Amino acid sequence: MCTCGALVTKDREGQPIILLCKTQDFYESGYWHGKVSHPNGVSMVGCGVVSQIGINSGMNDKGLAVLLSFLDYRGPFETLESQDIPSKWHNDDRALINAQLLARCSSVEEALDFLYEQIPRYPHIPGGNHMLADQRGNLAVFEHCAGEMNHRYYSEEGFVARGNNGFLVKKGEQDQLPDRVKQDRERRYFKMESVLKAIIKDSLKQAEILEALKQALASHDYHYDGQVGSICIHDQTLPGARASTHVPMTTITAIIFNVLEKKMYYTTAPPCQGDWFTMGMEHGR
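Residue numbers run consecutively from 1 along every chain, following the written order of its sequence. Per-residue local features of the predicted model are confined to residues with pLDDT of at least 70, and side-chain atom pairs are confined, for both listing and counting, to 80 or more; whole-chain, interface and lining totals are unaffected and use all residues. Excluded from the side-chain calculations are hydrogens and water; all other atoms, namely the structure's heavy atoms, are used.

Caption draft 1: Up close: the overall build of the chain. Scanning the chain from N- to C-terminus turns up 5 helices and 13 strands. Radius of gyration means the value over C-alpha atoms here, while the globule rule gives 2.2 Å times the residue count to the 0.38 power. In summary, the chain has a C-alpha radius of gyration of 17 Å against a globular reference of 19 Å for 285 residues, a match within 12%. Its C-alpha atoms give the chain principal-axis dimensions of roughly 50 × 40 × 40 Å. Relative accessibility under 20% of the residue-type maximum defines a buried residue, over 50% an exposed one, and the middle range a partly exposed one, all with a 1.4 Å probe and only protein chains included. Looking at the chain residue by residue over its 285 residues, the buried ones come to 56%. A 1.4 Å probe and the Shrake-Rupley method give the accessible areas. Residues count as covered only by the protein chains that appear here. Carbon and sulfur atoms make up 48% of the accessible area of the chain, which amounts to about 12,000 Å² in all. Positive charges come from Lys and Arg, negative ones from Asp and Glu, while His and the chain ends are left out of the count. The atom standing in for a charge is NZ when the residue is Lys, CZ when it is Arg, CG when it is Asp and CD when it is Glu. Distance between charge centroids for the chain: 4 Å, based on 29 positive and 35 negative side chains. Each helix is a run of DSSP H or I of at least 4 residues and each strand a run of E of at least 2, with the numbering of both proceeding from the N terminus.

Structural data, given as structure tokens:
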């Protein structure tokens, strides 16, 4: 469903930087970016697709952010004659879980406890990565798939990436994926990770860091047939690589969450084509 990355570091001037970024790869569907209010008073900014109820990825006014990406090994892996577009993401309540998480949690630790409690209540959902960061500089990934759950903190490393691949659950099953599916996931993971490592190594200014992330999210790779390993894709037909569907996928939007400034940067088109916009946490009238 996407390529994700997160940074907890300092810029060239020594100012703390906490950024999370992702693409949203999906089949033909409406999508949104906006502000969400909860009856308990918590405010959020986030994004989602119409076919998936809830908040796919978002950030609350407590300074907790979460990115969601697909992680599964169960296919389908064949292209079918029927190209009917599903009206609903089948049995997927992961975005509803993220919406509850953002409404109730203020730290990565609380979010992890919440996920361990909630995920078993939805036994039929697709597998996923929930990438988490908070204003205290905590950074972690929670993985789940087919009843298996695990997490790891990446605060010490200061960065983490995923390309619909996982390292904490169902590792043997992922090793048995079709070669092109594995290549698509692994190449995107390595590309995002290399960008994050370079940002930390080069000690860039915040504006330069944001530009590097935007360029990574908009990048293409035409060295391989079928856009295998390209972060930004257009009508890619590679069943099972980025979602449990056989229909073509496109990168419909990209987002970056600035945790310390509580801002969301986003595109309203594929990131290689669209301008970037900014949304803050404050409410309009």
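Caption draft 2: Looking closely at the pairing of strand 6 (residues 64–70). Counted residue by residue, strand 6 has 7 buried out of 7 residues, so it is predominantly covered. Both faces of strand 6 are covered, namely the face carrying Leu64, Val66, Leu68 and Phe70 and the face carrying Ala65, Leu67 and Ser69. A pair of strands is labelled paired if DSSP reports no fewer than 2 bridges between them. Pairing of strand 5 (residues 57–60) with strand 6, which is carried by 2 bridges, proceeds in the antiparallel orientation. Bridge pairing in strand 6 places Gly58 opposite Val66. The turn joining strand 5 and strand 6, which pair antiparallel and follow one another in sequence, is formed by 3 residues; a positive phi near 85° is taken by Gly63. Looking at chain direction, strand 6 and strand 7 (residues 128–134) are connected through 7 bridges and run antiparallel. Directly across from Phe70, in strand 7, lies its bridge partner Gly128.

Caption draft 3: Representation of the pairing of strand 5 within the structure. Here strand 5 shows two buried faces, one formed by Ser57 and Met59 and the other by Gly58 and Asn60. Both strand 4 (residues 43–49) and strand 5 contribute to a ladder of 4 bridges, which runs antiparallel. Bridge assignment links Val45 to a residue of strand 5, and that residue is Met59.

Caption draft 4: Just helix 2 (residues 108–118), in detail. Listed as buried for helix 2 are Val108, Ala111, Leu112, Phe114, Leu115 and Gln118. Projection of helix 2 onto a plane perpendicular to its axis shows the buried side chains occupying an angular sector of 160°, all on one side. In helix 2, those exposed residues whose orientation departs by more than 90 degrees from the buried face are Glu109 and Asp113. Close packing links the buried residues of helix 2 with strand 6, helix 1 (94–104), strand 7, strand 8 (139–145) and strand 9 (148–153). Read the arc as the range of directions from the helix axis to the C-beta atoms. Residues are treated as being in contact if the distance between any of their heavy atoms lies within 4.5 Å.

Caption draft 5: Summary view of the sheet that holds strand 9. Here 7 strands make up an open sheet; going across it, the order is 3-4-5-6-7-8-9 and the pairing antiparallel. For this open sheet the edge positions go to strand 3 (31–37) and strand 9, each flanked by a neighbour on one side alone. When strand polarity is set aside, the average angle formed by the axes of neighbouring strands in this sheet is 15°. Two strands pair when backbone bridges link them, and strand 7 and strand 8 are joined in this way by 6 bridges, in the antiparallel orientation. Looking across to strand 8, one finds that Met131 is bridged to Val141. Its contacts with the sheet put helix 1 on strand 4, strand 5, strand 6, strand 7 and strand 8, and the angle it makes with strand 6 is roughly 170°. Against the sheet, helix 2 engages strand 6, strand 7, strand 8 and strand 9, with an angle of about 170° to strand 9. Angles shown run from 0 to 180 degrees and are taken between the N-to-C directions of axes, each axis being a line fitted to C-alpha atoms and, for helices, limited to the stretch in contact.

Caption draft 6: Quick look at unusual backbone geometry. A cis amide bond links Gly75 with the next residue in sequence, Pro76, at an omega value of 10°. Looking at where Pro76 falls in the secondary structure, it is placed in the loop between strand 6 and helix 1. Backbone geometry places Gln227, a non-glycine residue, at a positive phi of 60°. If you trace the backbone, Gln227 turns up in the loop between helix 5 (206–217) and strand 11 (250–258). Exposure remark for Gln227: the relative accessible area of 15% places this residue in the buried category. With a phi close to 55°, Asp235 is a non-glycine residue in the positive phi region. Mapped onto the elements, Asp235 comes out in the loop between helix 5 and strand 11.

Caption draft 7: Geometry of the packing of aromatic side chains. The rule is short: rings of Phe, Tyr and Trp, with Trp giving its six-membered ring, pair when the centres are within 6.5 Å, and they are stacked under 30 degrees, edge-to-face over 60, tilted in between. One pass over the structure, following the stated rule, counts 5 aromatic pairs. Their ring planes at 85° and their centres at 4.9 Å tell us that Tyr116 and Phe142 sit as a pair that is edge-to-face. Within this pair, whereas Tyr116 is found in helix 2, its partner Phe142 is found in strand 8, the two being separated by 26 residues in sequence. Tyr116 sits in the partly exposed class, given a relative accessible area of 28%. You can call Phe142 buried: its relative accessible area is 0%. Within the aromatic cluster, the residues linked to one another by ring pairs are Phe167, Tyr189 and Phe190. Two limits define a charge over a ring: the Lys NZ or Arg CZ must be within 6 Å of the ring centre, and within 35 degrees of the ring normal. The ring of Tyr73 is capped by Arg74, whose NZ or CZ atom sits 5.7 Å from the centre of that ring. Sitting above the plane of the Tyr265 ring, Lys214 keeps its charged end 5.8 Å from the centroid.

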